[in-house]
Amino acid sequence: MKYFGTDGFRGEANVSLTVEHAYKVGRFLGWYFQKEDHNVRIVIGKDTRLSGYMFETALASGLTASGADVYELHVTTTPSVSYLIREEKFDCGIMISASHNPYFDNGIKVINGEGHKLAPEVEEQIERYIDGETEELPLAKREKIGRCIDYVRGREKYISYLKSVVQQRFDGKTIALDLANGSASALAKDIFEDLGAQVIVRFDQPNGTNINRECGSTHIETLQGLVYDTGADVGFAFDGDADRCLAVDEDGKVVDGDHILYLCGRYLKEQGKLHKDTVVTTVMSNMGLYKAFDKLGIRYEQTAVGDKYVCENMMQNDYSIGGEQSGHIIFKEHAVTGDGILTALMIMEAYLSYGKPLSMLTKDLVIYPQLLVNVKVKDKLAAREDEDVKRAEREVMEALGDAGRLLLRESGTEPLIRVMVEAESDELCRKNVDRIVQVLKDKGHAAE
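Structure report, in brief.

Here is what the cut-offs are and how they apply
Residues numbered from 1 in each chain as written. Predicted model: local features only at pLDDT ≥ 70, side-chain atom pairs only at ≥ 80, totals over all residues. Heavy atoms only, no water. Salt bridge = Lys/Arg side-chain N within 4 Å of Asp/Glu carboxyl O. Helix = DSSP H or I, 4+ residues; strand = E, 2+ residues; numbered from the N terminus. Buried < 20%, exposed > 50% of the residue type's maximum accessible area, 1.4 Å probe, protein only. Pairing = 2+ DSSP bridges. Axes fitted to C-alpha atoms, helices over the stretch in contact; angles between N-to-C directions. Contact = heavy atoms within 4.5 Å. Phe/Tyr/Trp six-rings, centres within 6.5 Å; stacked < 30°, edge-to-face > 60°. Lys NZ or Arg CZ within 6 Å of the ring centre and 35° of its normal. Expected span 1.5 Å × (residues − 1). Polar contact = N/O pair within 3.5 Å; in protein donor to acceptor, adjacent residues only side chain to side chain. Parallel < 35°, antiparallel > 145°, perpendicular 65-115°, else oblique. Left-handed = near helix turned anticlockwise from the far one by under 90°. Nonpolar A, V, L, I, M, F, W, Y, C, P; charged D, E, K, R; others polar. Core = buried A, V, L, I, M, F, W, Y, C linked by side-chain atoms within 4.5 Å.

**So, the pattern of salt bridges**
Okay, so step 1: With the rule as written, the count across this model stands at 28 salt bridges.
Okay, so step 2: R27 is the partner of E136 in a salt bridge, and the nearest nitrogen-oxygen pair spans 3.2 Å. With E136 in the loop between α4 (120-130) and β7 (148-150) and R27 in helix α1 (residues 19-32), this residue pair connects regions lying 109 residues apart in the sequence.
Okay, so step 3: Its relative accessible area of 54% is what places E136 among the exposed residues.
Okay, so step 4: Put simply, R435 and E395 hold a salt bridge, and the shortest N to O gap is 2.4 Å. Highlighted residues: R435 in helix α15 (residues 426-442) and E395 in helix α14 (residues 387-400), separated in sequence by 40 residues.
Okay, so step 5: Because the salt bridges share partners, they merge into one network encompassing D7, R10, K109, K117, D241, D243 and D307.

Put into structure tokens, the structure is as follows:
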């Protein structure tokens, strides 16, 4: 598609994503959900980017011009929008965010009435309208013009829901939070304090341009230092829109998405809550996770990279938990999308139930060294189908055997071939990645 990708319409504000685009997205959605005797209701949230305010206004203008009522959550998290759509039966929701991207990027993520990402065929219709390939849509008149409603109480309802899923209070525990100067700044500190924890907070002063800047889940080293220096029991870092979470144990070591799937998958299985004893991962999860699951009697399924594909698999098969290394974790009993704050609460539930330091709870998960190299190529398909590349791929896989693996795949959004090797040592990873990369270069596939 021209504008919409795997995570909505994303681009640099006022460059590849403009207020005109936002207005037309609003116009289309306000019209699309119109039915006879039906009052269209659409909820909007945004993260803390400077451009979020203008996109919020442009979307609201388009929606109300088409006759929809707009419920504005203002600064909130992506999963809160998904939750409120389902809970309050909105026609759809819109989150204005570019997640972990720098502040000058932004995005429009449309979420359907079930709390999932909008169907591709509807996104295609929006694109045709943006480009003037369809007839102009009718404007609402007189009493049919939509209204804007300040919907702060919706955010409060979501906070109450998150606190309601926690089974134990956090009294006596010190928790460090890196809020990425993003959406979590409006919610997380109060939630953890209300549950009894002593909270140490950093990066909770968004100014419109500092979201994700040297902080958050993409700069986990900041939280590692904070936990180590303060002696906190555990730390959590979120991304810009708080749909992902990474943790740090009491020793300052990173607990990534694979560790979280291991800990929470094991805990759910022991509680009899791991449906079909299965966890959903992507192909990027570490081989060590699968070996650890085998020992626990936990089955697993792999999907393509992207929380969208994890979610689809979970919903189709009614699995309890799934996610990615990056910290997008879905707990189906409580949500239908990744939710960073919920993930932190679920980690705390397991952690408190076991009564051991977090480092002890993940020590049996042995993470294999992993090396990923992105090779810019002239033609992804030609590079991937080259017989010499395929031969080198087979030879590397045979050489690694059961002690490692090779993943060779095309990027979905860029002219890249991703070469990833897991093996028992960093040296083996480098040797085998270099072998594939050299073949790509020798055959003339690599771009200058």
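**Observations concerning the sheet that holds strand β15 (residues 321-323)**
By way of backbone hydrogen bonds, the strands of a sheet pair with one another, either parallel or antiparallel.
Okay, so step 1: Strands sit in the order β14-β13-β15-β16 across an open sheet of 4 strands; the sheet is mixed. Across the chains shown, the open sheet's two edge strands, defined by having one partner strand only, are β14 (299-303) and β16 (329-331). Each adjacent strand pair in this sheet contributes to an overall mean axis angle of 20°, direction not counted.
Okay, so step 2: Packing of helix α8 (residues 257-270) onto the sheet brings it into contact with β13 (278-282), β15 and β16, and relative to β15 it is tilted by some 175°.

**What about the packing of aromatic side chains?**
Okay, so step 1: A full pass over the atoms with the stated rule returns 17 aromatic pairs.
Okay, so step 2: Centroid distance Y83 to Y161: 4.6 Å. Interplanar angle 20°. Geometry classified as stacked. You can see Y83 sitting in helix α3 (residues 78-88) and its partner Y161 sitting in helix α5 (residues 152-164), a full 78 residues away along the chain.
Okay, so step 3: Exposure remark for Y83: the relative accessible area of 9% places this residue in the buried category.
Okay, so step 4: Feature note: the residues F28, W31, Y32, F33 and Y129 constitute an aromatic cluster, connected by ring pairs.
Okay, so step 5: One residue, K24, lies across the ring of Y129, its end atom 5.5 Å from the ring centre.
Okay, so step 6: A cation over a ring is seen here: R266 above Y354, with NZ or CZ 4.7 Å from the ring centre.

**Some words on α1**
Okay, so step 1: An ideal rise of 1.5 Å per residue puts 20 Å on 14 residues; α1 measures up with 20 Å between its terminal C-alpha atoms.
Okay, so step 2: Of the positions making up α1, those classed as buried are H21, A22, V25, G26, R27, F28, L29 and G30.
Okay, so step 3: Among the structural elements, β2 (8-12), β3 (41-46), α2 (52-65), β5 (92-96), β6 (105-111) and α4 are those in contact with the buried residues of α1.

**Quick notes on the environment of H328**
Okay, so step 1: With respect to the helices, strands and loops of the structure, H328 is situated in the loop between β15 and β16.
Okay, so step 2: In this structure H328 comes out as buried when scored by relative accessible area, which is 7%.
Okay, so step 3: A C-alpha to C-alpha distance of 9.5 Å links H328 and A242, two positions 86 residues apart in sequence.
Okay, so step 4: Ignoring anything within four residues of it in the chain, the contact list for H328 reads D243, R244, D307, G322 and G323.
Okay, so step 5: One polar contact links H328 to D243, side chain to side chain, over a distance of 3.2 Å.
Okay, so step 6: One polar contact links H328 to S326, side chain to side chain, over a distance of 3.5 Å.

**Thoughts on the environment of I44**
Okay, so step 1: Structurally, the position occupied by I44 is in strand β3.
Okay, so step 2: Put simply, I44 and G338 are 294 residues apart on the chain and 18 Å apart in space, counted from C-alpha to C-alpha.

**Some points on the pairing of β5**
Okay, so step 1: Summarising burial for β5: 5 of the 5 residues are buried, a large majority.
Okay, so step 2: In β5, alternate side chains face the same way, and those of C92, I94 and I96 on one face and G93 and M95 on the other are all buried.
Okay, so step 3: Here β3 pairs with β5 via 5 bridges, running parallel. Among the inter-strand pairings, I44 is bridged to a residue of β5, identified as I94.
Okay, so step 4: Bridge count between β5 and β6: 4 bridges; the pairing is antiparallel. Bridge assignment links I96 to a residue of β6, and that residue is I108.

**Thoughts on the sheet that holds strand β10 (residues 234-238)**
Okay, so step 1: Pairing within the open sheet is mixed, and its 5 strands lie in the order β9-β8-β10-β11-β12. At either end of the open sheet lies a strand with only one pairing partner, and these are β9 (198-202) and β12 (254-255).
Okay, so step 2: Relative to β10, strand β8 (residues 174-178) runs parallel, the two being bridged by 4 bridges. Counted as the bridge partner of I175 is V234 from β10.

**Some remarks on the packing of α8 against helix α11 (residues 340-354)**
Okay, so step 1: Relative to each other, α8 and α11 sit at 60°, their axes nearing to 10 Å. Classified by the interaxial angle, the pair formed by α8 and α11 is oblique. The hand of the α8/α11 crossing is left-handed. Where α8 abuts α11, its residues I260, L263, C264, R266, Y267 and E270 lie against T343, M346, I347, E349, A350, S353 and Y354.
Okay, so step 2: Looking at the contact of α8 with α11 residue by residue, the classes come out as 8 nonpolar, 2 polar and 3 charged.

**Re the nonpolar core**
Okay, so step 1: Formed by 67 residues in total, the largest nonpolar core has its most connected members in F170, F192, F236, F238 and L345.
Okay, so step 2: Among the elements that line this core, the one with the most residues is α11, at 11 residues.
Okay, so step 3: Not counting residues up to four positions away in its chain, the partners in contact with F170 are I175, F192, L195, G196, A197, L345, M348 and L352.
Okay, so step 4: In terms of nonpolar packing, the next biggest core, distinct from the first, is built from 31 residues, A58, C92, I96 and I130 among them.

Limitation: the analysis is restricted to geometry and does not speak to function.
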